[in-house]
Amino acid sequence: MTDIKQVQEEIIDEFTILEGDRESTIFYIMELGNKLSNYPEEARLDENLIKGCQSKVWLTTEEKSGKVIFKADSNTDITKGLISLLIRVLSERSPKEIIDADLYFIEKIGMGNILGSQRSNGLAAMIKQMKLYALAYQSKLNV
Amino acid sequence: MTLDIQNIRGQFPVLDQEVNGKPLIYLDNAATTQKPKVVLEALSSYYTHDNSNIHRGAHTLADRATRTYEKTRAAVRAFLNAKEEEEIIFTKGTTEGINLVASTFGRKFIKEGDEIIISNLEHHSNIVPWQMLCEEKGAILKIIPINDKGEILMDEFYKLLTEKTKLVSIVHASNALGTINPIEEIISKAHQVGAKVLIDGAQSSAHLDIDVQTLDCDFFVMSAHKIYGPTGLGVLYGKREMLEAMPPYQGGGEMIKEVTFEKTTYNEIPFKFEAGTPNIADVIAFQKAIEFVNELGKANIRAHEESLLAYAAEKLASIKGFIPVGTATKKVSVLSFLINGMHPFDVGMMLDASGIAVRTGHHCTQPLMNRFNLEGTVRASFSVYNTKEEVDRLVESVSKIAKLKNK
């Protein structure tokens, strides 16, 4: 399986095709969001909501043979698209890989610029929460 | 008279730019309007030539600044057809105007068990100050419900109105839906039970003719920045007898007659309510905004905006998945909508990507959104400088976005 760096490079290549055009980029992210639809209905609980996001974001995890699997959903398609990218990069990785991950692709694909400050904060909150889950699994696995 | 829109657009430098590689289409006028050159130049000219503190200085600049500042008060008096200039108080905006009345009228006239009536259409500025007052005084806040079109239910209002009602505070035109309320009737019925009436004119004052004497409202509040004027400035109109009966709002300079450590006597209205150095430059520039509106004529502005609203509503209605929110019979130029299956934030971001500025979210009217069981809407609001071509581009973009989920 490709490592975190390789997946990020793939994403950067995909976005390069869009040539920085804001409209195409947003439409592309929305399409990615539309495809993310495996979130279990019963996990759509307030306790799974990430704090700090303007739109609603639910995030849950499970652990399978030492790897962390993320599932997430949102009430807005753009946010779902962003989550799908984070999941592509961070899901099914070891806790250590997730904790150490340097997510440089976000800057490279110009996301900060496109999202504006409100949504960028939301994205940062999502990443933080994913890393916190990884940290929790790591301490559990080390026991 | 038909307005020369291209000429008008030429007076708004901000409109002449590209956003995200597309010509800017500014349709967030209910949030704030853009400023014409005359307003921008007045701001710059004041700081370049006249900057000085007013009402106290003995020198030429102070005198010049004071006279120009007070000229705006005269212009506002005429704009609202108030009886006297002393009835015009400068505030930071609509929100401060409402807070001023809540604190001072409230402190003096509201007691435990008294009732204040607002409506389900209000923005937070016309809800929260009354909630705070009611909590402090043990008074009761009552809400006039609305129908599915976003119109106040007058029968329900009559039922709420009793001898206990001390104040009715009502929006003239809804910022979220555009609904124009029958304020003449509300004012007259409220007066029959002895209640005072505050009209929130934040959204109406740029479009509708306001005559506070004919309306006979006790208070009228508005913001300068929604009428092509500067931000951070608003007006509270109050009937003289009301303003004189109310205690001062904030303590400080300007609002006093005489201060000793033993006792302070307060200045006359309007200065009693204008503590501290006011927003001089913006007040002065506001006069130019009022002149701008007067020269075009509100009736002409209204006719143009109404034609844009009607055109947009008709064109957008034919798009599959387009859902209008708020379909009152009488509306200002505000068009709130949803696209089936899509979150308003997403729609707003996609419109922005094509250079179109709209507002998305709850528009600071969460109880209104709850009434419709919505998290928010997309809101396009039109101003005098918007064109039919811009509406066409809005329709084209909305149509493209709607197709993503409504094939």
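To be clear, the structure that these remarks concern was listed above.
Residues numbered from 1 in each chain as written. Chains lettered and ligands numbered in written order. Predicted model: local features only at pLDDT ≥ 70, side-chain atom pairs only at ≥ 80, totals over all residues. Heavy atoms only, no water.

Undergrad: Quick question: what am I supposed to make of the overall build of chain B here?
TA: Scanning chain B from N- to C-terminus turns up 14 helices and 17 strands. Over its C-alpha trace chain B gives a radius of gyration of 22 Å, about what one expects of a compact globule, namely 22 Å for 407 residues. By principal-axis analysis of the C-alpha atoms, chain B measures approximately 75 × 55 × 35 Å. Looking at the 407 residues of chain B, the share that counts as buried comes to 58%. Residue pairs at least 24 apart in sequence account for 72% of intrachain contacts in chain B once pairs closer than 6 positions are excluded. Summed over all atoms, the accessible surface of chain B reaches about 16600 Å², with 51% contributed by carbon and sulfur. Looking at chain B, you have 45 positive and 51 negative side-chain charges, and the mean spots of the two groups are 3 Å apart. (Helix = DSSP H or I, 4+ residues; strand = E, 2+ residues; numbered from the N terminus. Rg over C-alpha atoms; globule rule 2.2 N^0.38 Å. Buried < 20%, exposed > 50% of the residue type's maximum accessible area, 1.4 Å probe, protein only. Contact = heavy atoms within 4.5 Å. Areas by Shrake-Rupley, 256 points an atom, 1.4 Å probe, with all protein chains shown as cover. Lys, Arg positive; Asp, Glu negative; His and termini not counted. Charge placed at Lys NZ, Arg CZ, Asp CG, Glu CD.)

Undergrad: Please clarify how the pairing of strand 7 (residues 165–171) of chain B should be interpreted in this entry.
TA: Side chains on a regular strand alternate between the two faces of the sheet. Residues and elements named next belong to chain B. Counting buried positions over the seven residues of strand 7 gives six, a clear majority of the element. Strand direction decides the pairing type here: strand 7 and strand 8 (residues 196–200), joined by five bridges, are parallel. In the strand pairing of strand 8, Val168 is matched with Val197. Each parallel crossover has a hand, and for strand 7 linked through helix 7 (residues 183–192) to strand 8 it is right-handed. (Pairing = 2+ DSSP bridges. Right-handed = clockwise from strand over helix to strand, strands pointing away.)

Undergrad: Got a minute to help me understand the interface of chain A and chain B in this structure?
TA: Much of the literature gives interface size as the accessible area that the parts lose upon coming together. Each partner contributes residues to the interface: chain A has 15 residues there, and chain B has 17 residues. Of the roughly 1500 Å² buried where chain A meets chain B, counting both sides, 60% is carbon and sulfur surface. Sorting the residues of chain A by area buried against chain B places Arg22, Glu23 and Phe27 of chain A first, and these three jointly supply 38% of that buried surface. Connecting chain A to chain B are four salt bridges. Here Glu23 of chain A ties to Lys22 of chain B by a salt bridge, and the two come within 2.7 Å at their closest N and O atoms. At the surface where chain A touches chain B, the tally comes to 11 residue pairs in polar contact (both at pLDDT 80 or more). Taken together, the elements giving at least two residues each to the side of chain A that touches chain B come down to helix 2 (22–35), helix 3 (77–90) and helix 6 (111–142) of chain A. Take the side of chain A that touches chain B: its biggest share by element is six residues, from helix 2 of chain A. (Buried area = accessible area lost by both parts, 1.4 Å probe. Salt bridge = Lys/Arg side-chain N within 4 Å of Asp/Glu carboxyl O. Polar contact = N/O pair within 3.5 Å; in protein donor to acceptor, adjacent residues only side chain to side chain.)

Undergrad: Please clarify how the side chain of His304 of chain B should be interpreted in this entry.
TA: Residue and element names in this part refer to chain B. Position of His304 relative to the elements: it lies in helix 11 (residues 298–317). Residue class for His304 comes out buried when judged on its relative accessible area of 16%. Contacts of His304, omitting those with residues within four sequence positions, involve Leu3, Ile5, Ser383, Val384 and Asn386.

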